[in-house]
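Chains, contacts and geometry: an overview
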Amino acid sequence: MRYTLTLVLILVFNSAAAEGWEDQAVFGSPDAENTLSIISSTDTALFSPMLEAFIAEQPNVTVEYFVTGTSDLDRRVRKTPEAFDVAISSAMDLQLKLANDGHALPLPNILHPSWAQWRQSVFAFTSEPAVIAINRSAFAGMEIPESRQELIEAMRARPEVFRNRVGTYDVRQSGVGYLFATQDARASETFWRLMEVMGSLNARLYCCSGDMIDDLTDGTIAVAYNVLGSYAQARADSGKAYTTILPSDFPTTMMRTALVSKASTNPKRAEEFLQFIVTYQSNGHHTQKALPPLAERQNGTERANIALEPALMTFLDTLKRNKFLKEWQDALIQN
Amino acid sequence: MTVKVAFSGSLRNRLVVTLIGGAALLALLLFFAVRSYAVQIAQSGQDSILEASVTSILDAAAIRNGVIELDLPYSALSMLNTVADDRVFYAILENGEFLSGYQDLVGQTDLMPSGFLFETRQIRDSSARVVSANRLLIGADRRIKVQVILAQTQDALSETLSEISRNAALFGFCFFTLVAGLSFWATKNTIGQLDKLTHSVTRRGPHDLRPFTKPVPREMAPLVTSLNSLMMRLEQSFAQSEDFIAEAAHRVRTPLATVRSYAEATLQRVDKEENRDAMRAMVKAIDESSRAAGQLLDHAMITFRAGHLEQHPLDLVELAQDLVLRLTPIADMKDLKLELDSPQSVPFSGDSVLLQNALRNLIDNAMKYGPTESSVEISISHKEAVQIKVCDFGPGFPAHEIDTLTKRFQRGENAKGTIGSGLGLTIARDVIEAHGGEIQLSNRSGGGACVTLSL
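Cut-offs and rules
- Residues numbered from 1 in each chain as written.
- Chains lettered and ligands numbered in written order.
- Predicted model: local features only at pLDDT ≥ 70, side-chain atom pairs only at ≥ 80, totals over all residues.
- Heavy atoms only, no water.
- Helix = DSSP H or I, 4+ residues; strand = E, 2+ residues; numbered from the N terminus.
- Buried < 20%, exposed > 50% of the residue type's maximum accessible area, 1.4 Å probe, protein only.
- Contact = heavy atoms within 4.5 Å.
- Rg over C-alpha atoms; globule rule 2.2 N^0.38 Å.
- Areas by Shrake-Rupley, 256 points an atom, 1.4 Å probe, with all protein chains shown as cover.
- Lys, Arg positive; Asp, Glu negative; His and termini not counted.
- Charge placed at Lys NZ, Arg CZ, Asp CG, Glu CD.
- Domains from an automatic or database assignment.
- Buried area = accessible area lost by both parts, 1.4 Å probe.
- Salt bridge = Lys/Arg side-chain N within 4 Å of Asp/Glu carboxyl O.
- Pairing = 2+ DSSP bridges.
- Axes fitted to C-alpha atoms, helices over the stretch in contact; angles between N-to-C directions.
- pLDDT = per-residue confidence, 0-100.
- Patch = residues over 30% accessible without salt bridge, like charges linked within 9 Å, V, L, I, M, F, W, Y side chains within 5 Å.
- UniProt positions renumbered as here; feature names shortened; annotations may be inferred.
- Polar contact = N/O pair within 3.5 Å; in protein donor to acceptor, adjacent residues only side chain to side chain.
- Phe/Tyr/Trp six-rings, centres within 6.5 Å; stacked < 30°, edge-to-face > 60°.

Each helix and strand in chain A was counted, giving 12 helices and 13 strands. Looking at the 335 residues of chain A, the share that counts as buried comes to 57%. Considering only contacts in chain A between residues 6 or more positions apart, those separated by 24 or more positions represent 79%.

Structural data, given as structure tokens:
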């Protein structure tokens with residue numbers, strides 16, 4: 001089975017058409033002696049500066065970089081853990097559950113604050129808020145909403161402008177979308193009211209932040225709710241077509257996490273890579289195009305990140321998930 | 001004279017070993033007690049959190065439209081967050097059938113009728129605390145038993161335990177050190193009382209037989225009482241001995257002197273030559289007896305006094321002059337001259353009675369063996385050591401007997417015809433040895449014997 005899978009993977013990799021992958025790339029010399037296989041939910045463009053820096057430091061390593069959605073990533077790592085050395089995902093809950101279920105290799109040598117790691121297995125290296133992105137033209141001559149409540153009011157005031165022109169994650173497909181939605185739902189009832197309003201405007205559902213921003217840029221949608229701030233920021237300057245809002249009522253901030261697969265065939269390199277990204281992210285190599293750093297814990301809970309704790313698994317419970325998805329569909333899919 | 005005391009162990013060691021052994025045992029007990037208590041508390045802490053978590057999960061279960069609905073509370077797992085990031089597993093069952101969570105948790109746990117069931121077992125390669133509980137939900141037409149199994153690994157617990165163990169060990173060690181120090185101090189203090197008594201016994205003079213009156217600890221009172229009564233008896237015995245010696249000297253000498261004076265008187269009155277010879281022999285025999293008795297008593301007294309020597313400062317020259325003065329009449333009778341050659345004074349510390357006795361015996365001997373018209377030379381010097389030398393012009397010591405002459409009752413071969421008991425040199429030797437000196441016998445080249453006392 002393992003052999004076949006490896007074979008399939010090699011074939012997949014060799015063929016130009018990447019089967020099932022959103023994207024894939026190879027960094028470093030292809031005939032280097034070590035190969036590091038990374039499965040990630042982060043777009044290659046955002047991650048490449050870091051990978052290139054790593055290759056510069058370790059020229060004898062080739063990095064194979066596979067991009068897929070967070071839910072698919074979780075599925076693949078569970079199915080063929082030996083195929084990947086490192087898993088990087090924005091779905092904290094899925095990553096934590098991977099570690100809880102024993103799929104992550106503990107790396108006791110990496111020094112990282114306790115709030116930013118779990119069991120020395122899951123390491124957070126960015127802080128990324130979920131933002132509301134709005135197309136400037138749709139709000140021309142109007143006040144730009146600062147919070148979810150104001151967004152609800154704006155959409156209720158002019159439903160004709162927003163009909164078919166609001167978008168958010170399809171939480172059934174996207175792991176990070178599900179994480180944002182569940183954390184929002186935990187925080188406030190406003191979330192459900194917003195979902196109902198969005199449902200009444202026949203909201204569009206997306207698998208990923210990238211697609212949402214594409215549609216926002218070309219004016220297909222006027223509002224994108226719970227877009228990954230890092231993605232929006234990376235492309236904000238390009239057209240000035242949209243702006244991002246950090247909701248003032250309550251923010252939902254996710255930490256991107258990395259773990260080393262327990263079945264990794266190259267655990268030493270993988271550990272070095274994790275050490276590298278943890279250090280890299282804290283050393284201020286940040287440009288507009290790169291991933292944001294790990295935010296220090298602010299005073300109070302105002303901008304607190306979603307905590308890396310076992311409770312993240314709550315919404316992954318089958319019963320709980322079914323119930324949540326049912327409520328979400330009831331609110332959002334009304335026709 | 002010291003008798004070697006047989007030891008049987010040491011009180012100090014026995015005390016120290018008992019106390020320190022006890023302390024070590026107590027420290028060990030303390031360590032294990034604290035540790036096992038901590039284990040219990042830590043375990044019950046984990047148990048109560050697990051129990052609260054399970055309760056909150058069970059509380060969230062409800063029957064809606066005939067179907068079980070379980071809205072897993074976020075707090076149920078949130079409260080299981082630990083410092084060591086322990087892993088959490090759970091399973092939710094409906095009437096024994098798996099609903100959600102971790103299926104591998106089911107199976108070993110049976111469905112309990114009521115209450116919480118706790119157990120510790122291996123789950124996915126780590127030791128975990130497992131709790132299971134259930135709740136009966138009653139719907140419109142059916143009863144559903146919801147069971148929740150919750151497990152948490154014990155990394156934080158074992159971290160806490162190892163920390164507690166470390167602290168308990170440190171605590172036990174400190175306790176041990178403290179008690180060990182205390183027991184050394186207590187032992188030293190207790191033994192110190194014995195040392196104090198020993199010291200005050202040793203420090204006493206040879207004739208100080210007063211009872212001990214200084215306060216001692218109650219436990220030592222019987223010892224001091226016995227010691228006091230022993231000393232009282234010793235004092236009585238000494239007094240009796242001294243009395244006896246004085247009495248005996250008096251009782252023996254007086255009748256002998258009486259008999260001698262009668263014999264002298266009779267000798268004056270008897271004319272027949274053979275009778276006179278008999279009387280002279282009688283006087284000589286009486287003299288010999290009298291002298292022997294005197295020396296015996298002297299020797300007894302010396303033995304008694306030498307055992308516990310009294311030391312007083314005295315002048316040897318003065319002592320010798322006094323003796324020469326007293327013995328001159330007797331020397332005159334024998335036509336002997338006593339010549340004393342000495343510096344102005346030779347201070348010395350010793351028992352004057354004994355020293356005088358020894359010197360007198362030596363001069364006596366010299367007078368006895370020295371021929372008439374000769375002299376007895378007495379010289380005292382103190383260049384390096386104090387030396388007293390008594391020499392005569394008699395026949396000298398027989399060369400082969402020089403080594404044995406100082407033994408008790410030993411008389412030289414050439415002593416026949418001379419009055420004596422053989423105790424003179426013995427007395428001198430005993431006295432000198434009691435003062436830490438030695439006696440030397442030698443013959444002069446020109447004839448005559450010399451006795452040297454080196455002090």
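Picking up after the structure, the text goes on.
Within chain B one finds 8 helices and 14 strands. Radius of gyration (C-alpha) of chain B: 52 Å, far over the 23 Å computed for a compact globule of 455 residues. By principal-axis analysis of the C-alpha atoms, chain B measures approximately 170 × 45 × 40 Å. For chain B, the proportion of its 455 residues judged to be buried stands at 39%. When contacts within chain B are restricted to residue pairs at least 6 apart in sequence, those whose partners lie at least 24 apart make up 64%. Carbon and sulfur atoms form 57% of the exposed surface of chain B, whose accessible area is close to 26,200 Å². Of note, chain B has its 45 positive side-chain charges centred 4 Å away from the centre of its 52 negative side-chain charges.

It is worth spelling out the domain arrangement of chain A at this point. Residue and element names in this part refer to chain A. Its domain assignment divides chain A into domain 1 (2-127 + 255-304) and domain 2 (128-253 + 314-332). Taken together, the contact pairs 24 residues of domain 1 with 19 residues of domain 2. For the pairing of domain 1 and domain 2, the buried interface totals around 1,800 Å² over both sides, and the portion due to carbon and sulfur atoms is 52%. Here domain 1 is connected to domain 2 by 1 salt bridge. For E128, the salt bridge identified is with R256, shortest N-O distance 2.6 Å.

Time to look at the sheet that holds strand β11 (residues 375-382) of chain B. All names here are of chain B. Taken in spatial order, the 5 strands line up as β9-β11-β12-β14-β13 in an open sheet, and their pairing is mixed. With one partner strand each, in any of the chains shown, β9 (337-341) and β13 (438-443) form the two edges of the open sheet. Averaged over all neighbouring strand pairs, the angle between strand axes comes to 15°, with direction disregarded. Relative to the sheet, helix α7 (residues 352-369) contacts β9, β11, β12 (386-391) and β14 (449-454), its axis offset from that of β12 by approximately 25°. Relative to β13, helix α8 (residues 424-434) is tilted by about 140°, and along the sheet it contacts β13 and β14.

Buried within helix α3 (residues 70-79) of chain A are the following residues: T70(A), S71(A), D72(A), L73(A), D74(A) and V77(A). Buried residues along α3(A) sit in contact with β2 (34-40), β4 (86-89), α4 (92-100) and α7 (175-187) of chain A.

This part takes up the sheet that holds β2(A). Residues and elements named next belong to chain A. Across the sheet, which stays open at both edges, the 7 strands sit in the order β1-β3-β2-β4-β13-β6-β5 with mixed pairing between neighbours. Strand pairing shows two members of the sheet lacking a second neighbour, β1 (23-27) and β5 (117-118), which therefore form its edges. Here 2 bridges tie β5 to strand β6 (residues 122-124), and the two strands are oriented antiparallel to one another. Bridge pairing in β6 places W118 opposite V122. Contacting β4, β5, β6 and β13 (257-260), α4 runs over the sheet at an angle of about 25° to β13.

Turning to the pattern of salt bridges, a few remarks are in order. Pairs may arise between side chains of opposite charge once their charged atoms sit close together. Residue and element names in this part refer to chain A. Enumeration over the complete set of coordinates arrives at 29 salt bridges over all chains. In this structure, the salt-bridge partner of D184 is R148, at a minimum N-O distance of 3.4 Å. One end of the pair, D184, is in helix α7; the other, R148, is in helix α5 (residues 148-157), with 36 residues separating them in the sequence. Assessed through its relative accessible area of 0%, D184 is described here as buried. Relative accessible area serves as the criterion here: at 0%, R148 is assigned to the buried category. Salt bridges here are not isolated pairs; linked through shared partners, they connect D74, R78, K97 and D101.

Relative to the helices and strands, L223(B) is located in helix α4 (residues 221-269). Excluding residues that lie within four positions of it along the chain, L223(B) makes contacts with L194(B) and L197(B).

A few words now on the confidence of the model for chain A. In this model, chain A carries a mean pLDDT of 87, and residues with pLDDT of at least 70 account for 89%. For the stretch residues 1-18 of chain A, pLDDT sits under 50, and the model shows 13 contacts to residues farther than four places along the chain or on other chains.

Now for a negative patch on the surface. All names here are of chain A. A surface patch of negative charge is lined by E143, E146, E150 and E153. As for its placement among the helices and strands, E150 is situated in helix α5. Of the residues examined, E150 reaches a relative accessible area of 32% and is grouped as partly exposed.

As a further point, take the UniProt feature "transmembrane region" (unreviewed entry) in chain B. Sites flagged by UniProt as "transmembrane region" (unreviewed entry) map to residues 168-187 of chain B. End C-alpha atoms of residues 168-187 of chain B are separated by 28 Å, and the span's content is 100% helix alongside 0% strand.

Turning next to the domain arrangement of chain B. Examined at the domain level, chain B breaks down into domain 1 (14-163), domain 2 (207-308) and domain 3 (310-455). Relative to domain 2 of chain B, the C-alpha centre of domain 1 of chain B lies at a distance of 101 Å.

This part takes up the interface of chain A and chain B. The interface is formed by 22 residues belonging to chain A together with 24 residues belonging to chain B. Taking both partners together, chain A and chain B bury about 2,000 Å²; carbon and sulfur atoms supply 49% of that area. Of all residues in chain A, N100(A), R119(A) and L319(A) give up the largest surface area on contact with chain B, accounting jointly for 28% of the area buried on that side. Here chain A and chain B share 3 salt bridges between them. In this structure, the connection of chain A to chain B is made through 18 residue pairs in polar contact (both at pLDDT 80 or more). Of all the elements in the fold, those that place two or more residues in the side of chain A that touches chain B are α4, β5, α7 and α12 (318-332) of chain A. Broken down by element, the residue count for the side of chain A that touches chain B peaks at 4 residues, all from α12(A).

Residue and element names in this part refer to chain A. Considering all chains together, one arrives at 18 aromatic pairs over all chains under this definition. Relative to F66, the ring of W21 has its centre 4.7 Å away and its plane inclined at 35°; by these criteria the two rings are tilted. Taken as a pair, W21 in the loop between α1 (2-14) and β1 and F66 in strand β3 (residues 61-67) lie far apart in primary sequence, 45 residues in all. Each member of the pair, W21 as well as F66, carries the same accessibility label: buried. Between F54 and F273, the aromatic rings sit 4.9 Å apart at their centres with planes inclined by 80°, giving edge-to-face as the arrangement. Taken together, the residues F54 in helix α2 (residues 44-57) and F273 in helix α11 (residues 267-282) connect sequence positions 219 residues apart. As far as the burial class goes, F54 and F273 line up, both buried.

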